[in-house]
Amino acid sequence: MSILIDGRIWSLFSAGVGTFFTCAIMEWAKQRKNDIFYIILPKGLDTRYELSSIPDNIKLLDYSKQFPKRLPNIIILQLLVPYLCRKLHINMYYSPVPHLPYFIPSKVKTMVTIHDVVNIEMAQTMSWTNRLATSIFFGQAIKKANFLWTNSYYTKSKVEAYYPSRHCKEIFTGDAADRNIFFRRTLSEDKKLQIKQAFGIKHPFILFVGSLEPRKNLKFLLNIIPNLYKEHGIQLVVVGGKGWKNTDLKDIIESPSFPKESTIFCGYVSNEDLVMLYHTAACFVSCALMEGFGMPQLEALLCGCPVVTAHNTAMIEVAKGKDGAVTVEGYDKEKWIHAIVKMLQERPNVNLQQLSDYHWGNIIDRLTSYLSHTTSHT
């Protein structure tokens, strides 16, 4: 089988969806060695993706020098996909985001992945360009695709609720972290001290991993940090966002009453540094208002780092009932402070066996069965 893939994720670095795409494609190609995977790179390959080796049956189609740099990926794909489907005799077209170019030959099966419904339920948190693009392509792709893939059962339930009239009735679900990167290691106290010194950390710390977009609700976490720092000596380390001066977080951080030394913004870090921070942190904390999956929660648990996370959306799937994890309902400051302090005091062990469903080998094996089963019924 020949599979054509929208590889725009590899052209512009994206921590969350990028990890999903990389792991999924690598494992898919590994398991289906007789299939050919053609990946369209509208703007070339972003070197920030730490790709160790690419299987021989993955063919990268780099169009970075054939189109103007400012031309949107959506336009490039509209031009390329129908042409390549015919030229390469493609059997399936896959997009890791809900976007299907027009004029794909009818004989070519299509599959898209839906990671969340932020564009529907929290549209005000998105840029106007993203809102415009999703308004045009999101629903159309979900309704027309032959196969649908959601990252969580929460996202699946939302797709079923918002799009009852769709071509694909049976939705596949699966997501996982990269276990070649995120796994438990043994770190000496000296090594942990080195890591803390490298990032300017002086006290026990809780770790936040994510962008600074409003739905991540970092604002709430910053509002409880003064108490955690002054009364319990706990620092906050933020990974994934550095430009807080351009957000509504600025007023909190620059307030005279906010202890500046309590919070460290690291910006984006390498996977290896992130793993070291997971192993060194007292616990991982997320107060997000909505998550389509909960990748940092899973990464933390795989590294043996306890988790305190909000009791909503897909975060419940990842954390609820897991040893070493606790979910907090609502946003009462005292409840969150109590949960975090208790986690630091008890530091329970994580049970990796409870995370066995989140394994890319098993997910792609199920995906292959899903595609075969669904095709035989269409």
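Report follows, based on the coordinates. A quick note: this is a predicted structure, and the numbers were derived from the prediction, not measured.

Here we come to the packing of helix α8 (residues 218-232) against helix α13 (residues 333-346). Contact pair α8 / α13: the axes reach a minimum separation of 10 Å and the direction vectors enclose 55°. Taken together, the axes of α8 and α13 are oblique relative to one another. Every pair of crossing elements has a handedness; the one defined by α8 and α13 is right-handed. Of the residues in α13, those touching α8 at F220, N223, I224, N227, L228 and H232 are K333, W336, I337, I340 and V341.

Moving on to the packing of helix α7 (residues 189-198) against helix α10 (residues 271-280). Interaxial distance between α7 and α10 falls to 10 Å at its minimum, and their mutual angle equals 115°. Between α7 and α10 lies a crossing of left-handed hand. On α10, the residues that touch K191, K192, I195 and K196 of α7 are M276, L277, H279 and T280. Class assignment of the residues belonging to the contact of α7 with α10 gives a composition of three nonpolar, two polar and three charged.

The next thing to look at is the side chain of T155. The topology assignment puts T155 in helix α6 (residues 153-162). Of the polar contacts made by the side chain of T155, one reaches the backbone oxygen of G292; its length is 3.1 Å. Every residue in contact with T155, bar those within four places of it in the chain, is listed here: I114, H115, D116, T150 and G292.

Below, the discussion takes up the packing of aromatic side chains. Inspection of the entire model under this criterion finds 20 aromatic pairs. Summarising the aromatic geometry, the rings of W28 and Y94 are spaced 5.8 Å apart at their centres and angled 75° between planes, so their arrangement reads as edge-to-face. Of this pair, W28 sits in helix α2 (residues 15-31) while Y94 sits in strand β4 (residues 92-95), and the two are 66 residues apart along the sequence. Under the relative-accessibility criterion, Y94 is labelled buried at 1%. Measuring from ring centre to ring centre gives 6.1 Å for F182 and Y278, while their planes differ by 70°; the resulting arrangement is edge-to-face.

This part takes up α8. The terminal C-alpha atoms of α8 lie 20 Å apart, and with 15 residues this matches the ideal 21 Å at 1.5 Å per residue to within 8%. In α8, a bend of some 35° at I224 exceeds every other bend along the element, and P226, a proline, comes one to four places later. Restricting attention to buried positions, one finds in α8 the residues L218, F220, L221, L222, I224, I225, P226, L228 and Y229. Contacts made by the buried residues of α8 are with β8 (205-209), β9 (235-239), α9 (250-253), β10 (263-267), β11 (283-286) and α13.

This part is about the environment of L60. Within the secondary structure, L60 is located in strand β3 (residues 58-62). We classify L60 as partly exposed; its relative accessible area is 34%. In this structure the C-alpha to C-alpha distance between L60 and T368, which are 308 residues apart in sequence, comes to 22 Å. Once residues within four sequence positions are removed from consideration, L60 is found in contact with W10, I39, L41 and I54.

Counting buried positions along α10 yields seven of 10 residues, so the element is predominantly enclosed. Buried within α10 are the following residues: L274, V275, M276, L277, Y278, H279 and T280. Looking at the buried residues of α10, the elements they touch are α7, β8, β9, β11 and α11 (295-302).

To continue, consider the sheet that holds β4. Reading across the sheet, the seven strands line up as β3-β2-β1-β4-β5-β6-β7 and stay open at both edges, with parallel pairing between neighbours. Strands at the two margins of the open sheet, each flanked by one partner only, are β3 and β7 (171-173). Taken pair by pair, the neighbouring strands of this sheet meet at an average axis angle of 20°, ignoring direction. Here strand β6 (residues 147-150) runs beside β7; their pairing, made up of three bridges, is parallel. Residue pairing in the sheet places W149 in a bridge with F172 of β7. Sheet strands touched by α6: β5 (109-114), β6 and β7. Its angle to β7, the strand with the most contacts, is close to 160°.

Calculation criteria
- Residues numbered from 1 in each chain as written.
- Predicted model: local features only at pLDDT ≥ 70, side-chain atom pairs only at ≥ 80, totals over all residues.
- Heavy atoms only, no water.
- Axes fitted to C-alpha atoms, helices over the stretch in contact; angles between N-to-C directions.
- Helix = DSSP H or I, 4+ residues; strand = E, 2+ residues; numbered from the N terminus.
- Parallel < 35°, antiparallel > 145°, perpendicular 65-115°, else oblique.
- Left-handed = near helix turned anticlockwise from the far one by under 90°.
- Contact = heavy atoms within 4.5 Å.
- Nonpolar A, V, L, I, M, F, W, Y, C, P; charged D, E, K, R; others polar.
- Polar contact = N/O pair within 3.5 Å; in protein donor to acceptor, adjacent residues only side chain to side chain.
- Phe/Tyr/Trp six-rings, centres within 6.5 Å; stacked < 30°, edge-to-face > 60°.
- Buried < 20%, exposed > 50% of the residue type's maximum accessible area, 1.4 Å probe, protein only.
- Expected span 1.5 Å × (residues − 1).
- Bend = angle between axes of the 7 residues up to and from the residue.
- Pairing = 2+ DSSP bridges.

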